[in-house]
Amino acid sequence: MTPPLRIALIGAGNMGQQHYRHLKTLSEAVLCAVADPGPQAAALAAQWGVAHYSEHRPMLEQVRPDAVIVANPNNQHVGTALDCLAAGVPVLLEKPVGVDLDEVRELVAAVKRSGVPVLVGHHRRHNPLIVRARELLRNGALGRLTTVTALFQLRKPDRYFEIPWRREPGAGMLLTNLIHDLDLLRHLCGEVHSVQAISANTVRGFANADSVAVLLQFADGALGTLTGSDAVAAPWSWELAAGENPAYPQQAEQPCYLLAGTAGALSIPQLKHWHYAADQLDAGWHEPLLAQQQACTAGDALRLQLEHFLQVVRGEVEPLVSAEDAARTLALVEAIGAAAASGRACTPVSVEG
Ligand SMILES: NC(=O)c1ccc[n+]([C@@H]2O[C@H](COP(=O)([O-])OP(=O)(O)OC[C@H]3O[C@@H](n4cnc5c(N)ncnc54)[C@H](O)[C@@H]3O)[C@@H](O)[C@H]2O)c1
């Protein structure tokens, strides 16, 4: 029998601990070390029975893990991932892939040069709900995709912002949360050609926006909106609707993405598919619109992502979200930031430079 892959964790905060929760239940992998300078990290490593390092470089040298999970603050992602690639170690890198496209280009080049894979943690793509939604779109269930409505509206409690880096440039709702929605919109609806946006920070007054309204023009012609705020007492977001994370009481009835095409419409995460009867040619608003619940077996996206990562490490599959793919999502985030700052329509810049 092949021995389990030895996985090190760099960054054992909230997200690192969630990865560990799944890792410890998988037979094909085992945690081998923790690198984190934080005050609780040594105790956590002792509790998990592995070596603790304050720095990831000595850990890479001494432990020589088969792969690493990187869940440290956003502005350290690229530097950490580059060190792992230099050591020949495949990486599951939390999102965002980096904090600006210039540094991420360096990472994309290093992946190409080294041939060592990076999987970026846009875990929602692994959720069976999204797999099914994408299948429906690909199979033409909506006809020509025409309009896209995306909602990220919830309230983060004030205590969330007590961790300093979450208030600073390099964090913020756009880079921390909307990047997930934008990544899914790209995954489901294709590339975005241009965006317009307005944003405000008037509720909290931090450097980062707490509310944003975005117009999206997709390359295939569909038009979309994304309305986001992390400062409103509202239920419309993937976080609250999809039930992925038990830490957030679920609002299962509330959609967060509404996709509409010439032949049908789909609400996500409900996977309710609206369409007219097949024998009704040229049906319209006078005819009954049928709503069909699409079947989908539930699955934990973070766990599925980790299982996929192990396949990537073993060389069995290509990463579902490569550094280059995630860089395109980051380019979209940057275009929205630029559009909000300038008041002009912006096109995401090419990752190739
Ligand atoms: N995929 C998701 O849905 C999701 C959700 C939340 C956070 N995240 C991402 O995960 C990452 C971590 O977020 P979090 O909420 O766990 O933050 P956190 O503050 O809870 O944890 C960050 C950890 O990194 C540690 N750290 C700081 N500097 C380090 C270094 N040089 N080397 C190693 N560790 C270091 C800190 O001590 C802390 O334990 C962020 O990039 C965030 O965007 C992803």
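In this text, all values refer to a predicted model and were calculated from it rather than measured experimentally.

The strand order across the open sheet formed by 6 strands is β3-β2-β1-β4-β5-β6, and the pairing between neighbours is parallel. Each end of this open sheet is capped by a strand with a single partner; those strands are β3 (51–53) and β6 (118–120). Across the sheet, the mean angle separating the axes of adjacent strands is 25 degrees when strand polarity is ignored. With 3 bridges connecting them, strand β2 (residues 29–35) and β3 associate as parallel partners. For A35, the partnering residue across the bridge sits in β3 and is Y53.

This paragraph deals with the packing of aromatic side chains. Under the defined criterion, the tally for this structure stands at 4 aromatic pairs. Taking the centre distance of 5.4 Å and the plane angle of 50 degrees together, the rings of F161 and F206 count as tilted. Of the two residues, F161 is situated in the loop between β7 (145–153) and α7 (172–189) and F206 in the loop between β8 (192–200) and β9 (211–218); the sequence distance between them amounts to 45 residues. Note on F161: relative accessible area 8%, which makes it buried. The positively charged end of R166 is found above the aromatic ring belonging to Y160, 4.3 Å away from the centroid.

Along the chain, the position of N177 falls in helix α7. Assessed through its relative accessible area of 9%, N177 is described here as buried. Reaching out from N177, the side chain makes a polar contact with the side chain of K156 at a distance of 2.5 Å. When sequence neighbours within four positions are dropped, the list of residues in contact with N177 reads F152, K156, G172 and E239.

As a further point, take the environment of L302. By the element assignment, L302 lies in helix α9 (residues 301–313). In this structure, the C-alpha to C-alpha distance between L302 and A291, residues 11 residues apart in sequence, is 30 Å. The contact partners of L302, leaving out residues within four places of it in the chain, are M15, Q18, H19, H22 and H123.

Near the ligand there are 24 residues, and of these M15, D36, N74, Q76 and H77 occur at the shortest range. Backbone polar atom of N14 to an oxygen atom of the ligand: 3.0 Å apart, as the coordinates give it. R166 places a polar side-chain atom, nitrogen or oxygen, 3.2 Å from an oxygen atom of the ligand. Against a free-state accessible area of 840 Å², the protein chains account for coverage of 81% of the ligand. By residue class, the composition of the shell around the ligand is 9 nonpolar, 11 polar and 4 charged.

Now for the sheet that holds strand β10 (residues 223–229). Strand order in the open sheet formed by 8 strands is β8-β9-β10-β7-β11-β12-β13-β14, with mixed pairing between adjacent strands. Each end of this open sheet is capped by a strand with a single partner; those strands are β8 and β14 (290–293). Neighbour-to-neighbour, the strand axes of the sheet open up by a mean angle of 15 degrees, direction not taken into account. As judged from the 7 bridges shared by β7 and β10, these two strands associate in the parallel manner. Pairing of Q153 across the sheet is with S229, part of β10. Lying on the sheet, helix α6 (residues 128–138) is in contact with β7, β11 (257–261) and β12 (265–268); it crosses β12 at an angle near 170 degrees.

On domain assignment, one finds that the protein chain holds domain 1 (5–124 + 302–321) and domain 2 (128–298). One C-alpha centre belongs to domain 1, the other to domain 2, and the line joining them spans 28 Å. Summed over both sides, the interface of domain 1 with domain 2 buries roughly 1300 Å², with 57% coming from carbon and sulfur. Counting across the interface, domain 1 meets domain 2 through 2 salt bridges. As a salt-bridge pair, R124 and D181 come within 3.5 Å of each other at their nearest N and O atoms. Taken together, the links from domain 1 to domain 2 amount to 4 residue pairs in polar contact (both at pLDDT 80 or more). Residue composition of the side of domain 1 that touches domain 2, grouped by class: 4 nonpolar, 7 polar and 2 charged.

Now for helix α2 (residues 41–48). An α-helix turns once per 3.6 residues; consequently, residues spaced three or four apart project the same way. The set of residues buried in α2 consists of A41, L44, A45 and W48. Each buried residue of α2 sits inside an arc of 100 degrees when the element is viewed along its axis, so together they form one side. Facing away from the buried side of α2 by over 90 degrees, the exposed positions are A43, A46 and Q47. Check the buried side of α2 and you find it contacts β1 (5–10), α1 (14–23), β2 and β3.

To continue, consider the side chain of D210. Topologically, D210 is positioned in the loop between β8 and β9. It turns out D210 is buried and unbridged, and the closest side chain with the opposite charge, R204, is 5.1 Å from it. Not counting the four nearest positions on each side in its chain, D210 is found in contact with M173, A200, N201, T202, V203, R204, G205, G228, S229, D230 and A231.

With that out of the way, let us pick up the pairing of β7. Relative to β11, β7 runs antiparallel, the two being bridged by 5 bridges. From the neighbouring strand, A150 faces β11, where its bridge partner is Y257.

Counting residues in hydrophobic clusters, the biggest one holds 101 residues, and the most contacted among them are M59, V68 and V195. When residues in this core are grouped by element, the largest group, 10 residues, is from helix α10 (residues 323–342). Mapping this core onto the domain boundaries places at least three of its residues in each of domain 1 (5–124 + 302–321) and domain 2 (128–298). Leave out the neighbours within four places in its chain, and M59 touches A8, I10, A33, A35, Y53, R64, P65 and V68.

Conventions we followed
- Residues numbered from 1 in each chain as written.
- Predicted model: local features only at pLDDT ≥ 70, side-chain atom pairs only at ≥ 80, totals over all residues.
- Heavy atoms only, no water.
- Pairing = 2+ DSSP bridges.
- Helix = DSSP H or I, 4+ residues; strand = E, 2+ residues; numbered from the N terminus.
- Axes fitted to C-alpha atoms, helices over the stretch in contact; angles between N-to-C directions.
- Phe/Tyr/Trp six-rings, centres within 6.5 Å; stacked < 30°, edge-to-face > 60°.
- Buried < 20%, exposed > 50% of the residue type's maximum accessible area, 1.4 Å probe, protein only.
- Lys NZ or Arg CZ within 6 Å of the ring centre and 35° of its normal.
- Polar contact = N/O pair within 3.5 Å; in protein donor to acceptor, adjacent residues only side chain to side chain.
- Contact = heavy atoms within 4.5 Å.
- Near = heavy atom within 4 Å.
- Areas by Shrake-Rupley, 256 points an atom, 1.4 Å probe, with all protein chains shown as cover.
- Nonpolar A, V, L, I, M, F, W, Y, C, P; charged D, E, K, R; others polar.
- Domains from an automatic or database assignment.
- Buried area = accessible area lost by both parts, 1.4 Å probe.
- Salt bridge = Lys/Arg side-chain N within 4 Å of Asp/Glu carboxyl O.
- Arc of directions from axis to C-beta.
- Lys, Arg positive; Asp, Glu negative; His and termini not counted.
- Core = buried A, V, L, I, M, F, W, Y, C linked by side-chain atoms within 4.5 Å.

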